[in-house]
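Notes for the structure review
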Amino acid sequence: QRKVFEMTMKAIHKGDSICLFIDATGGTGKTFVLNTILASIRAMDGGSIALAVGSTGIAANLLLLGRTFHSRFKAPLILSEDCRLRIPLGTELAKLIEMALIIVVDEATMLNNLLLQALDECFRDIMRTSTPFGGKVLVLCGDFRQTLPVIPGASRAGIIAWCLTQHPLWQHYTVMHLTPNRRGKRE
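First, a word on scope: everything that follows refers to the structure included in this document. Since we're looking at a predicted model, the values are computed, not measured.

**With respect to the pattern of salt bridges**
- In this structure the tally under the stated criterion is 9 salt bridges.
- For Asp23, the salt bridge goes to Arg145, with nearest N and O atoms at 3.4 Å. Note that Asp23 is positioned in strand β1 (residues 19–24) and Arg145 in the loop between β5 (137–142) and α7 (156–161), a separation of 122 residues in sequence.
- Asp23 gets classed as buried once you look at its relative accessible area, which sits at 11%.

Structural data, given as structure tokens:
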């Protein structure tokens, strides 16, 4: 948890762009570390902006000031190869994204990689850069051993083909692993 926190905060303070994926099973303190990062950033400089979203309502509800991915980023519910986030340039939401120091996405393993592509394109447009995800600090987390994207009628291979790890943008991610706290376990 400390390494994830320190790596994220170092990138924020230096103004670096990083894409981080936290691979964490249940009970490893993922929500705790995410909320600690969010609170730390929001306390900086009298109130910096940190956006927290979850792929489900439950995941979003566990994050400080969290919203669902679809609600916050105006993502379409029916996906196509050319899906886009509906965030026009110059709107209040576009300005909020531009000012945000970090975007945290919990349970990202449930997102179809078309949404990862749409997020990348939207952030590049808003930030007016060709840097992946607009040069933002983007922290995705989840557990690929749990729920993957729901693809009606797809085989196991078909579902895996739409996972985040199968998208070319995945190469930009640093993967960190959280493990269960042994001291906190009851025997």
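**So, the environment of Ile159**
- As for its placement among the helices and strands, Ile159 is situated in helix α7.
- On the basis of relative accessibility, which here comes to 22%, the residue Ile159 falls in the partly exposed class.
- It is 34 Å that separates the C-alpha atoms of Ile159 and Glu6, two residues lying 153 residues apart in sequence.

**Here's the deal with the nonpolar core**
- Core analysis: the biggest nonpolar cluster contains 33 residues, and Phe69, Phe73, Ile87, Val105, Phe133, Leu140 and Tyr173 have the highest contact counts within it.
- When contributions to this core are tallied by element, the ones reaching two or more residues are β1, β2 (50–54), α4 (69–73), α5 (92–99), β4 (102–106), α6 (113–127) and β5.
- If one sorts the elements of this core by residue count, α6 sits on top with 8 residues.
- If you look at the next biggest cluster of nonpolar residues, it comprises 24 residues, including Met9, Ala11, Leu38 and Ala52.

**Things to note about the packing of α5 against α6**
- One way to put it is that α5 packs onto α6 with a least axis distance of 10 Å and a crossing angle of 90°. Here α6 runs roughly perpendicular to α5, going by the angle between their axes. Within the contact between the two elements, α5 uses Ala94, Ile97 and Glu98 and α6 uses Phe123, Ile126 and Met127.
- Residues belonging to the contact of α5 with α6 are distributed by class as follows: 5 nonpolar, no polar and 1 charged.

Cut-offs applied
Residues numbered from 1 in each chain as written. Predicted model: local features only at pLDDT ≥ 70, side-chain atom pairs only at ≥ 80, totals over all residues. Heavy atoms only, no water. Salt bridge = Lys/Arg side-chain N within 4 Å of Asp/Glu carboxyl O. Helix = DSSP H or I, 4+ residues; strand = E, 2+ residues; numbered from the N terminus. Buried < 20%, exposed > 50% of the residue type's maximum accessible area, 1.4 Å probe, protein only. Core = buried A, V, L, I, M, F, W, Y, C linked by side-chain atoms within 4.5 Å. Axes fitted to C-alpha atoms, helices over the stretch in contact; angles between N-to-C directions. Parallel < 35°, antiparallel > 145°, perpendicular 65-115°, else oblique. Contact = heavy atoms within 4.5 Å. Nonpolar A, V, L, I, M, F, W, Y, C, P; charged D, E, K, R; others polar.

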